[in-house]
Amino acid sequence: MTDSSHSLAIPPPPRHALPGEPTGGEAWLRDPSPTALAAIAVGLVVVVLASIVSAFATPRRPDLPPPIEGQAILASPPLPERATEAPTASWSPPPVSLSSRSVLPTRTAAPSRAAAPTRQPASPKPSRPRSKPPVIGPGELSPLPPSRERMLRSHGGGPETFIDFVNTRRAPVTVYWLNYEGRRQRYALLEPRQSYRQQTYVGHPWVVTDERGGGLVCFEPARRTSRAVIR
């Protein structure tokens, strides 16, 4: 056998980590590099921006759904009839018999001088009676003038309630709900002396018009069931 001039290189035995010495992963956590810190910061910023964009991109839903179609209820009470005036007793003098009166000679009166016509004071012109505001009964909503319609619109998330619309007029009327944009949305047509119950929410106004669409009165619902009388 020939001995080689160069000895074979023997690899050193693997070195095992001592019990107290940190491994590669633990050393990275204890001493992170600037590149790793920058990557973590960029990831956090991307997550925050994505959550903000998704929150603003979600479409805004209205607070409450539109009211449900109403249903007819008992007919409204009949219009108050005018009280008939009691006949007044008339008293007339008893008949006088011509035979019971004594006939006396008549004297011709001397002609009197005609009196000068006196100027009578001018009578004052009759003043136009002022219309009295309608008397609101118990359980009725306060009527609002039709001019308030342009300032009313549905808003808020109030509790559910009901309105009993009562038509006491001699002509048909139309009931509209004013939506979230203040626009009319037709719900019912009431004939004379007809009424119906409408589901709604507090904060949702209503307007009543005539057959041509002219505003008559506006109502705002209360927390308890109330009547909206159209006079």
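Provided above is the structure to which this section pertains.
We now turn to the structure provided with this report. (Residues numbered from 1 in each chain as written. Predicted model: local features only at pLDDT ≥ 70, side-chain atom pairs only at ≥ 80, totals over all residues. Heavy atoms only, no water.)

## Quick look at the packing of aromatic side chains
Piece 1. A complete count under the given rule lists six aromatic pairs for this structure.
Piece 2. With a centroid separation of 5.7 Å and an interplanar angle of 15°, the aromatic rings of phenylalanine 165 and tyrosine 196 are classed as stacked. One end of the pair, phenylalanine 165, is in strand E2 (residues 160-167); the other, tyrosine 196, is in strand E5 (residues 195-201), with 31 residues separating them in the sequence. Neither residue differs from the other here; phenylalanine 165 and tyrosine 196 are each classed as buried.
Piece 3. Centroid distance tryptophan 177 to tyrosine 180: 6.1 Å. Interplanar angle 90°. Geometry classified as edge-to-face.
Piece 4. For tyrosine 180, a relative accessible area of 24% corresponds to the partly exposed category.
Piece 5. Of the aromatic side chains, those joined through ring pairs into one cluster are Phe165, Trp177, Tyr180, Tyr187, Tyr196, Trp206 and Phe219.
Piece 6. Between the NZ or CZ atom of arginine 184 and the centre of the ring of tyrosine 176, over which it lies, the distance is 5.4 Å. (Phe/Tyr/Trp six-rings, centres within 6.5 Å; stacked < 30°, edge-to-face > 60°. Helix = DSSP H or I, 4+ residues; strand = E, 2+ residues; numbered from the N terminus. Buried < 20%, exposed > 50% of the residue type's maximum accessible area, 1.4 Å probe, protein only. Lys NZ or Arg CZ within 6 Å of the ring centre and 35° of its normal.)

## Some points on the environment of isoleucine 163
Piece 1. Structurally, isoleucine 163 can be placed in strand E2.
Piece 2. Judged by its relative accessible area of 0%, isoleucine 163 is buried.
Piece 3. Measuring from C-alpha to C-alpha, the distance between isoleucine 163 and alanine 228 comes to 6.6 Å, with 65 residues separating the pair along the chain.
Piece 4. If we ignore the near neighbours within four places in the chain, the residues touching isoleucine 163 are Leu141, Tyr196, Arg197, Gln198, Thr200, Trp206, Pro221, Ser226 and Ala228. (Contact = heavy atoms within 4.5 Å.)

## Section: the nonpolar core
Piece 1. Membership of the largest hydrophobic core comes to 16 residues, with the highest contact counts inside it found for Phe165, Val175, Tyr196, Trp206, Val208, Phe219 and Ile230.
Piece 2. Within the residue set of this core, elements represented by two or more residues are E2, strand E3 (173-178), strand E4 (184-190), strand E6 (206-209), strand E7 (215-219) and strand E8 (226-230).
Piece 3. Other than its neighbours up to four places away in sequence, phenylalanine 219 contacts Leu141, Ser142, Pro143, Phe165, Pro205, Trp206, Val208, Ala228, Val229 and Ile230.
Piece 4. Formed by six residues, the second largest nonpolar core is a distinct cluster that contains Leu144, Leu152, Leu178 and Val207. (Core = buried A, V, L, I, M, F, W, Y, C linked by side-chain atoms within 4.5 Å.)

## Digging into the pattern of salt bridges
Piece 1. All chains considered together, the criterion is met by five salt bridges.
Piece 2. As a salt-bridge pair, arginine 227 and glutamate 140 come within 3.2 Å of each other at their nearest N and O atoms. With arginine 227 in strand E8 and glutamate 140 in the loop between strand E1 (71-72) and E2, this pair connects stretches of sequence that are 87 residues apart.
Piece 3. Among the residues examined, arginine 227 registers a relative accessible area of 29% and is labelled partly exposed.
Piece 4. For glutamate 140, a relative accessible area of 15% puts it in the buried group.
Piece 5. Taken together, the salt bridges that share partners define one network made up of Glu140, Arg227 and Arg231. (Salt bridge = Lys/Arg side-chain N within 4 Å of Asp/Glu carboxyl O.)

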